[in-house]
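Working through the structure, step by step
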Amino acid sequence: MPRRAAEFRRPIRRKLSYGICFLLGAFSVVGLVLLFLQHSYHEDRVKHPLLEGNKHVEHFAKDRLNFTEEISSATSFSRQLAEEMVLAKAYVVIAKEHNNLHLAWELSLKIRSCQLLLSKAAMAGRPVTKEEAEPIIKSLSSLIFKAQDIHYDIATTIVTMKSHIQALEERAIAASVQSNVFAQISAEALPKSLHCLDVKLNADWLTKPSLKKLSDETRNSLRLTDQNLYHFCIFSDNVLATSVVVNSTVVNAEYPMQLVFHIVTDGVNYGTMQAWFLGNNFKGATIEVQNVEDFHWLNESYSPIVKQLLNSESRAFYFGAYPDVNPEPKLRNNKFLSLLNHLRFYIPEIYPQLEKIVFLDDDVVVQKDLTPLFSLELHGNVIGAVETCLEAYHRYYKYLNFSSPILSSKFDPQTCAWSLGMNVFDLVQWKKSNVTAIYHYWQEQNANGTLWKLGTLSPALLSFYGLVEPLDRRWHVLGLGYDLNIDNRLIDSAAVIHFNGNMKPWLRLSISRYRPLWHKYINQSHPYFQECAIG
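Presented here is a report on the structure given in the accompanying data block. (Residues numbered from 1 in each chain as written. Predicted model: local features only at pLDDT ≥ 70, side-chain atom pairs only at ≥ 80, totals over all residues. Heavy atoms only, no water.)

Take the packing of helix H7 (residues 192-207) against helix H10 (residues 270-279) next. One can describe the packing of H7 onto H10 by two numbers: an axis separation of 8 Å at closest approach and a directional angle of 80 degrees. By the angle between their directions, the pair H7 and H10 is classed as roughly perpendicular. From H7, Asp198, Leu201, Asn202, Asp204 and Trp205 reach across to H10, where they touch Tyr270, Gly271, Thr272, Gln274, Ala275, Trp276 and Leu278. When its residues are assigned to classes, the contact of H7 with H10 shows six nonpolar, four polar and two charged. (Axes fitted to C-alpha atoms, helices over the stretch in contact; angles between N-to-C directions. Helix = DSSP H or I, 4+ residues; strand = E, 2+ residues; numbered from the N terminus. Parallel < 35°, antiparallel > 145°, perpendicular 65-115°, else oblique. Contact = heavy atoms within 4.5 Å. Nonpolar A, V, L, I, M, F, W, Y, C, P; charged D, E, K, R; others polar.)

Laid out in structure tokens, this is it:
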């Protein structure tokens, strides 16, 4: 079949195919452009994920001066107020330095409003609400922006805040040191009421011959060495504290007439102690009072601690100026110079005829019958004591200097420490183990004070190492002289509670929550207590 001439062919089909090709090409180009833009946008999102969030924040910041509406929890409002106050206080200082007293006054006024709101909320025990916080935060923010507009820039703020933080830290450290010193002075001072009692009792001892006759009779009593009775020893120069220890023990004992108390005091308080314990009846318990100055065997040639206590440098450390030494205030307590504090290491020499004895500090209160302590099995150990390593820091390394090879080679620094103040001693095993000689050895090694600081616990940890029988925690609960948060259930279950620390119950700085536990064992009906306003 012959082809048509060119002029007779259908030109419309060629025109349509050209249009389609053009459209397809255009769509392809647009698609590639869109794909490229989408890819670029995705890369920007990966590189800057917070871009949109920042835009939202900027928009929000323009609408609002703070983020209070975004904070939903009650504590967040309190935190926001505190943060605003810190910044405002910095600008108060800067404004004063630039002599802008009006701005400083405005900021101070708002800071006081903020402090008042937080104080009221704390007193009421409720959270700060949004309605309360929002006006203060807005006004503080407005003033802070105003300060920024006056060219108190961030660099100036940072420098100023750093300098004032450093000044505040120095003031806080100085205040803390001063507080510790004042607390130590208060703890060492004898209250006027106790001094009054001492004077009256000492006058009785000097003017009443009948008391000395009773003392001679007690000194010769066979009950003092009777192994069938329960023997307790107390070493103290505080008659009122010792009286509470004795009274609380006999009151809670099932058979108080079977108790024997061996009290050792110093020459100054010997007459006071004798007058008090001879002039009062403690439910038939036997009470012996001795004067440490009568222990002539306890001298420099026998005891290293006596030699150290009489050393002129040691006495200057406590009673004189020591410009080159700046120890902790508690280590300047002159009780460490008292030989009474170290008599616990000489119990077998003081009571050579006894086989078992319970030692009590003068700042304890007995709440249960202690006679079961005498039937406890110590498994060949010398001392029964409550361990104190429930808290990690009450271990040997806390009390001893383990950088010394003589300690690190013989003792495990992680060994659990234990408490003094209420301890049962097997004096037969003590003599077999020669504990006093061990104590003398370590005191001689520590003559220069490099192994431990001061006190009796550190040498006790060394002297009784491997000779301690752990007791149930309820026998001896510590901390009532410094810890405000002891569980009441633990206190109620305790056989002995210990007011160790500076806040002794006979002082005004004692913790009021625990004071009644001690005061209820004071004989308030005694005329001297009323005359001296004790209680």
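Now that the structure has been shown, the text picks up again.
Right, let's talk about the nonpolar core for a bit. By size, the foremost hydrophobic cluster in this structure holds 64 residues, and its most contacted members are Phe261, Phe277, Leu360 and Leu370. Setting aside chain neighbours within four positions, we find Phe261 in contact with Phe232, Ile234, Val246, Thr249, Val250, Ala285, Thr286, Ile287 and Glu288. Val292, Leu339, Leu354 and Phe411 belong to the second largest nonpolar core, which has 45 residues in total. (Core = buried A, V, L, I, M, F, W, Y, C linked by side-chain atoms within 4.5 Å. Buried < 20%, exposed > 50% of the residue type's maximum accessible area, 1.4 Å probe, protein only.)

Moving on to the pairing of strand S3 (residues 286-291). Note on strand geometry: in a regular strand, side chains alternate between the two faces of the sheet. Within S3, six of the six residues are buried, which leaves it mostly tucked inside the rest of the structure. Burial of the side chains of S3 extends over both faces: Thr286, Glu288 and Gln290 are buried on one face and Ile287, Val289 and Asn291 on the other. The pairing of strand S2 (residues 259-265) with S3 spans six bridges and is parallel. When the sheet's bridge partners are listed, Val264 is paired in S3 with Gln290. A crossover connection joins S2 to the parallel S3 through H10; in handedness this β-α-β unit is right-handed. (Pairing = 2+ DSSP bridges. Right-handed = clockwise from strand over helix to strand, strands pointing away.)

Below, the discussion takes up the packing of aromatic side chains. Counted under the stated rule, the structure contains 22 aromatic pairs. Here Phe232 and Phe261 contribute two aromatic rings whose centre-to-centre distance is 5.3 Å and whose plane-to-plane angle is 20 degrees, an arrangement assigned as stacked. Of this pair, Phe232 sits in strand S1 (residues 230-235) while Phe261 is found in strand S2, placing the two residues 29 residues apart along the sequence. This pair shows no difference in class: Phe232 is buried, exactly as Phe261 is. Between Trp297 and Tyr302, the aromatic rings sit 6.2 Å apart at their centres with planes inclined by 70 degrees, giving edge-to-face as the arrangement. Taking the relative accessible area as the measure of exposure, Trp297 reaches 32% and is therefore partly exposed. Under the relative-accessibility criterion, Tyr302 is labelled partly exposed at 32%. Taken together, Phe295, Trp297, Tyr302, Phe345, Tyr346 and Tyr439 form an aromatic cluster joined through their ring pairs. A cation sits over an aromatic face here: Lys212 above Trp205, 5.7 Å from the ring centre. (Phe/Tyr/Trp six-rings, centres within 6.5 Å; stacked < 30°, edge-to-face > 60°. Lys NZ or Arg CZ within 6 Å of the ring centre and 35° of its normal.)

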